[in-house]
Amino acid sequence: MSTSFQDLTPARVVEELDRYIIGQDKAKRAVAIALRNRLRRERLPEDIRDEIAPKNILMIGPTGVGKTEIARRLAKLCNAPFVKVEATKYTEVGYVGRDVESMVRDLMAAGVAMVKSEMREGVAEEASRRAEERLLDVLLPGLKNADMPIGETQATLVVPAGAAPAEGTRERFRALLRAGKLDTREVELSVQAQAPVLELFQGAQMEEMEAALGSLSGLFGGKKKRRVVTVKEARAILEAEELDKLVDQDKAVDEARRRVEGMGIIFIDEIDKIANREGRGGSGVDVSREGVQRDILPIVEGSTVNTKWGPVDTTHVLFIAAGAFNVSKPTDLIPELQGRFPIRVELEALSARDFERILTEPKNALVTQYSMLLGTEGVTLEFTPQAIARIAEIAQAANTRTENIGARRLQTVMERLLEELSFAAPGMAGSKVVVDEAFVDARFKDFAERQDLSRYIL
């Protein structure tokens, strides 16, 4: 466990989530406690630790109120492998769709990528040094392809016809290379060719085939192809090769498995779409929905899933499920699955005041984003408090009169509001635009006169 994770008290987690998500205090507290319980579990003796399962969370609320963002930010806070899946993508065995175990394989893939990225950072300097030496071997005069060690990437300098061989010492070339003066020169590399992906199988069968083909490719050296690239591009290719050599693959997989099994988070969205809706019984659709629930159940309860990196135990993976439940309700899920989500949190619909805060307060607030985007064109964009209140009012009215899509409505409103300005911005460098209430009303004239939002806002 990292020191930063040790310091993540529930209050600190809520504080961090507040930087990106407005409101939803109950949901933030629930995930903060779930995260802290993971740390508490790690402090227990091993024989007791294995008996404590995570308390999975079911979030109930309309779309666009922050359910996914809460789970994603939580995973980033504790540096945990995270994957978001949609329950509607899974189908009962025998129907077209993905098998439920693929969510665990996706989580393991995310864990491996995370660990490898961290390990590459630690050896980046050495990889750069090695790549530089290999590139100098290519660029120095008199080096032939035959001089390259067997199994290494081969490269030859493409010299224009009639040009004299390059002269100078290795250190002189090194200085030129570091100064970027050789970046536009071309070299010919012999690189590993990527095998085409044949989607003939799904799930575990596909992963087993990929692993087998990968092993055979490594055994026989794999197929090579020749590419002519610039020195700058060649250096990037060689650095990537050296990074792969320096990273201990087995160690990376072992660490990834440890993180996935102990800290992994799977966010299952749209779980309400696989609930047997009240008043409907016995239809083929409902039978399929219940089949998906029963397939998901053992994964949530804790089972071992085979991946191309080896078996992964899901017993201590934290599952966060979410759904609007505007047609069905949580009790329409099968009882066994309900029991696996003991913590239920209802998220509140967003008000106009919430929209005002979302526009300005978060670190990634929309007003900040648009101001920075237009700032790249030399245009200074300024919003008055009255304009922000008016934008929030329009978004809230649109959600009330049409479909309630939560905070996502703000993006639609902002795009419509700034469409003409964004189009003209390249020719307005050095100018300042103040968005006030009159500016907003001019862009939404029909709303001001007839409260007609359907023309402008989906």
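Residues numbered from 1 in each chain as written. Predicted model: local features only at pLDDT ≥ 70, side-chain atom pairs only at ≥ 80, totals over all residues. Heavy atoms only, no water.

Turning our eyes to something else, we now look at the pattern of salt bridges. The final tally for this structure, using the stated rule, is 39 salt bridges. In this structure, Glu132 engages Arg235 in a salt bridge whose closest nitrogen and oxygen atoms are separated by 3.3 Å. Here the residue Glu132 occupies a position in helix α6 (residues 102-139), and Arg235 occupies one in helix α9 (residues 231-246), the gap between them amounting to 103 residues. Looking at Arg235, the relative accessible area reads 18%, which means it is buried. (Salt bridge = Lys/Arg side-chain N within 4 Å of Asp/Glu carboxyl O. Helix = DSSP H or I, 4+ residues; strand = E, 2+ residues; numbered from the N terminus. Buried < 20%, exposed > 50% of the residue type's maximum accessible area, 1.4 Å probe, protein only.)

Of all hydrophobic cores here, the largest spans 58 residues; its most connected members are Ile320, Leu381, Phe383, Ile391, Met414, Leu417 and Leu418. With residues up to four places along the chain from it excluded, the contact list for Met414 reads Leu359, Leu366, Tyr370, Phe383 and Ile391. In terms of nonpolar packing, the next biggest core, distinct from the first, is built from 38 residues, Ala87, Val292, Ala321 and Leu333 among them. (Core = buried A, V, L, I, M, F, W, Y, C linked by side-chain atoms within 4.5 Å. Contact = heavy atoms within 4.5 Å.)

With that out of the way, let us pick up the packing of helix α2 (residues 10-18) against helix α3 (residues 25-42). Two elements in contact, α2 and α3, have axes whose closest approach is 8 Å; the angle formed by their N-to-C orientations is 130°. Taken together, the axis directions place α2 and α3 in an arrangement best described as oblique. Between α2 and α3 lies a crossing of right-handed hand. Here α2 contributes Pro10, Val13, Val14, Leu17 and Asp18 to the contact with α3, which in turn contributes Lys28, Arg29, Val31, Ala32, Leu35 and Arg36. (Axes fitted to C-alpha atoms, helices over the stretch in contact; angles between N-to-C directions. Parallel < 35°, antiparallel > 145°, perpendicular 65-115°, else oblique. Left-handed = near helix turned anticlockwise from the far one by under 90°.)

The two faces of a sheet get side chains in turn, since along a regular strand they alternate between them. Alternating residues of strand β11 (residues 380-383) divide into Leu381 and Phe383, all buried, and Thr380 and Glu382, none buried. With four bridges connecting them, β11 and strand β12 (residues 432-435) associate as parallel partners. Paired with Phe383 across the bridge in β12 is Val435. (Pairing = 2+ DSSP bridges.)

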